[in-house]
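Analysis of the macromolecular model
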Amino acid sequence: MAAGRRGAGLRLCATVFLLDMAFCKGFVEDLDESFKDNRKDDIWLVDFYAPWCGHCKKLEPIWNEVGLEMKSIGSPVKVGKMDATSYSSIASEFGVRGYPTIKLALIRPLPSQQMFEHMQKRHRVFFVYIGGESPLKEKYIDAASELIVYTYFFSASEEVVPEYVTLKEMPAVLVFKDETYFVYDEYEDGDLSSWINRERFQNYLTMDGFLLYELGDTGKLVALAVIDEKNTSIEHTRLKSIIQEVARDYRDQFHRDFQFGHMDGNDYINTLLMDELKVPTVVVLNTSNQQYFLLDRQIKNTEDMVQFINNILDGTVEAQGGDSILQRLKRIAFDAKSTIVSVFKSSPLMGCFLFGLPLGVISIMCYGIYTADTDGGYVEERYEVSASEVESQEPTEESKEQEPRGGDVLVPTVQGPKDVLEKKKD
């Protein structure tokens, strides 16, 4: 019986392992001759392998995990593998000379206006380098190698760029998003990689906790309408519309410093602010240092919101929160309280067990320590002795005669409180 159970357990483990491997493999595509055409539309990270290669076989489970990770973070990079011995012409095109070889096309050229327009329809945000060889292109390549998992990078000649694009100088780096474009300015925007990291998001977004976390690296303030999307009242829809209008009509003025969006519900915001925020409302977050700004006025229209933003920029509105030591201590207490409350709400019995049992044990220990004998079992007590009892203890003539002489040893008789008490009773 035991052997049978062990055999069944091994078969179950093997089945789970195979299912896990199959699940991971689902995110790595087996590429063939059609890859020549398909690679123009997407960013590909490709493992060129040989079936007989031992190192390639060792890499396979790791490569499957890479495919799963890219998919889980929503990366634009697709992960694939190709048998380089079967498709040697494609492998040669990528400069494959040994196995395994991993290749990533960081920057794809846009050879025509038709291809440029195709990319605009396909991608909501993408970056384009325009010009020839230059130090700016080297920086662009470095930024692409760092941020390729988050956005799309292309290169093009000036003739391919749409006519509505105006360039003051060449070479240039542009971001196309929100049906417009922005040109990188080294003097105003600073480091190219940091600028790309800030501009890789659309100007207006539907926010969640993960997206707010990502925005923390951009250094931008997040102007957020906190609403209940199920509530169709005028107040909820009005605040959302005001934020959208500011994002659209004032993007040239605010896009360097602000990100705009809305969030459904206030649960996540309450944990950030460690307070109960009424819905609907508007809050501005600095996700890089946990500061926030609450409304100093009632937002009736777009002009009120613009004035509120300008007051934040000029320091008129006071920032709250932060990451000071006091705020960190407050955060620890708030998180502990939230955890306890959530446990009791989800399962009262479990909460009583988790928190009641340790408290009960500690109480018993404290009681035992308090009531334990401190001097080997003797408990010191105080007794009141009257003056007459003290006099009765004075030595008599008879007792004096019994005092030892010379070398005799006197063994004192000690009367404890108990003896005195017994005499008192007599």
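Right, let's walk through the structure included here. The structure displayed is predicted, hence computed values, not measured ones.

Conventions and cut-offs
Sequence order sets the numbering: in each chain, residues are counted from 1 along the sequence as written. Given that this is a predicted model, residues contribute local features only at a pLDDT of at least 70 and side-chain atom pairs are listed and counted only at 80 or more, while totals for whole chains, interfaces and linings are drawn from all residues. Values shown for side chains rest on all heavy atoms present in the structure; no hydrogens or waters enter the calculation. Runs of E in the DSSP output that reach at least two residues are strands. Runs of H or I that reach at least four are helices, and both are numbered from the N terminus. Salt bridges, as used here, are contacts in which a Lys or Arg side-chain nitrogen is within 4 Å of a carboxyl oxygen on Asp or Glu. Partly exposed describes any residue whose relative accessible area lies between the buried limit of under 20% and the exposed limit of over 50%, with all areas from a 1.4 Å probe on protein chains only and scaled to the type maximum. Axis lines are fitted through C-alpha atoms, for helices just across the contact stretch, and the angle between N-to-C directions can take any value from 0 to 180 degrees. Each angle gets one of four labels, with under 35 degrees taken as roughly parallel, over 145 as roughly antiparallel, 65 to 115 as roughly perpendicular, and the rest as oblique. Crossing chirality is assigned from the near helix's rotation relative to the far helix, an anticlockwise turn below a right angle marking it left-handed and a clockwise turn marking it right-handed. Should any heavy atoms of two residues lie within 4.5 Å, those residues are considered in contact. Charged residues are taken to be Asp, Glu, Lys and Arg, nonpolar residues to be Ala, Val, Leu, Ile, Met, Phe, Trp, Tyr, Cys and Pro, and polar residues to be all remaining types, Gly included. A strand pair is defined by DSSP finding two or more bridges across the two strands. Only Phe, Tyr and Trp rings are paired, with Trp represented by its six-membered ring, and only when their centres lie within 6.5 Å; those with planes under 30 degrees apart are stacked, over 60 edge-to-face, the remainder tilted. Whether a charge lies above a ring is judged from NZ of Lys or CZ of Arg, which has to be within 6 Å of the ring centre and within 35 degrees of the ring normal.

Here we come to unusual backbone geometry. The omega torsion of the bond from Tyr99 to Pro100 falls at -10 degrees, within 30 degrees of zero and hence cis. If you trace the backbone, Pro100 turns up in the loop between helix H4 (88–93) and strand E4 (101–104). Of note, the bond from Val279 into Pro280 is cis; its omega dihedral lies within 30 degrees of zero at 0 degrees. Mapped onto the secondary structure, Pro280 falls in the loop between helix H12 (267–273) and strand E13 (281–286). Notably, Glu179 is not glycine yet its phi reads approximately 60 degrees, a positive angle.

For the structure on display, the rule yields 10 salt bridges. Glu199 serves as the salt-bridge partner of Lys220, at 3.6 Å between the closest nitrogen and oxygen. Taken as a pair, Lys220 in the loop between helix H9 (209–215) and strand E11 (221–227) and Glu199 in helix H8 (residues 192–199) lie far apart in primary sequence, 21 residues in all. Taking relative accessible area as the criterion, Lys220 reaches 2% and is therefore assigned buried. When its relative accessible area of 1% is taken as the criterion, Glu199 is described as buried. Overlapping salt bridges bring together Asp30, Glu60 and Lys81 as one network.

Where helix H6 (residues 135–147) meets H8, the axes come as close as 9 Å, and the angle between the chain directions of the two elements is 50 degrees. The pairing of H6 with H8 is recorded here as oblique in orientation. Once H6 is placed against H8, the crossing between them reads as right-handed. Contact with H6, carried on its side by Leu136, Lys139, Tyr140, Ala143, Glu146 and Leu147, involves Leu192, Ser193, Ile196 and Asn197 of H8 and no other residues of that element. Grouping the amino acids of the contact of H6 with H8 by side-chain chemistry returns 6 nonpolar, 2 polar and 2 charged.

Time to look at the sheet that holds strand E7 (residues 153–156). Ordered by their spatial adjacency, 5 strands build an open sheet running E5-E7-E6-E8-E9, and the pairing between neighbours is mixed. One side of each edge strand has no neighbouring strand; the edge strands of this open sheet are strand E5 (108–109) and strand E9 (180–183). By the bridge criterion, 6 bridges tie strand E6 (residues 125–130) to strand E8 (residues 172–177) in an arrangement that is antiparallel. Its bridge partner being in E8, Tyr129 is matched across the sheet by Val173. Across the face of the sheet, helix H5 (residues 113–122) comes into contact with E5, E6, E7 and E8 while running at roughly 150 degrees to E6. Across the sheet, H8 is in contact with E6, E7, E8 and E9; its angle to E8 comes to roughly 10 degrees.

Attention now goes to the packing of aromatic side chains. Overall, the coordinates contain 16 aromatic pairs when judged by the stated rule. Between Phe126 and Phe154, the aromatic rings sit 5.6 Å apart at their centres with planes inclined by 90 degrees, giving edge-to-face as the arrangement. Taken as a pair, Phe126 in strand E6 and Phe154 in strand E7 lie far apart in primary sequence, 28 residues in all. Each member of the pair, Phe126 together with Phe154, is buried. Feature note: the residues Phe116, Phe126, Phe154, Tyr164, Phe176 and Tyr181 constitute an aromatic cluster, connected by ring pairs. Seen from the ring of Tyr49, Lys81 lies directly overhead, with NZ or CZ sitting 6.0 Å from the centre.

Shape descriptors only; they carry no functional weight alone.
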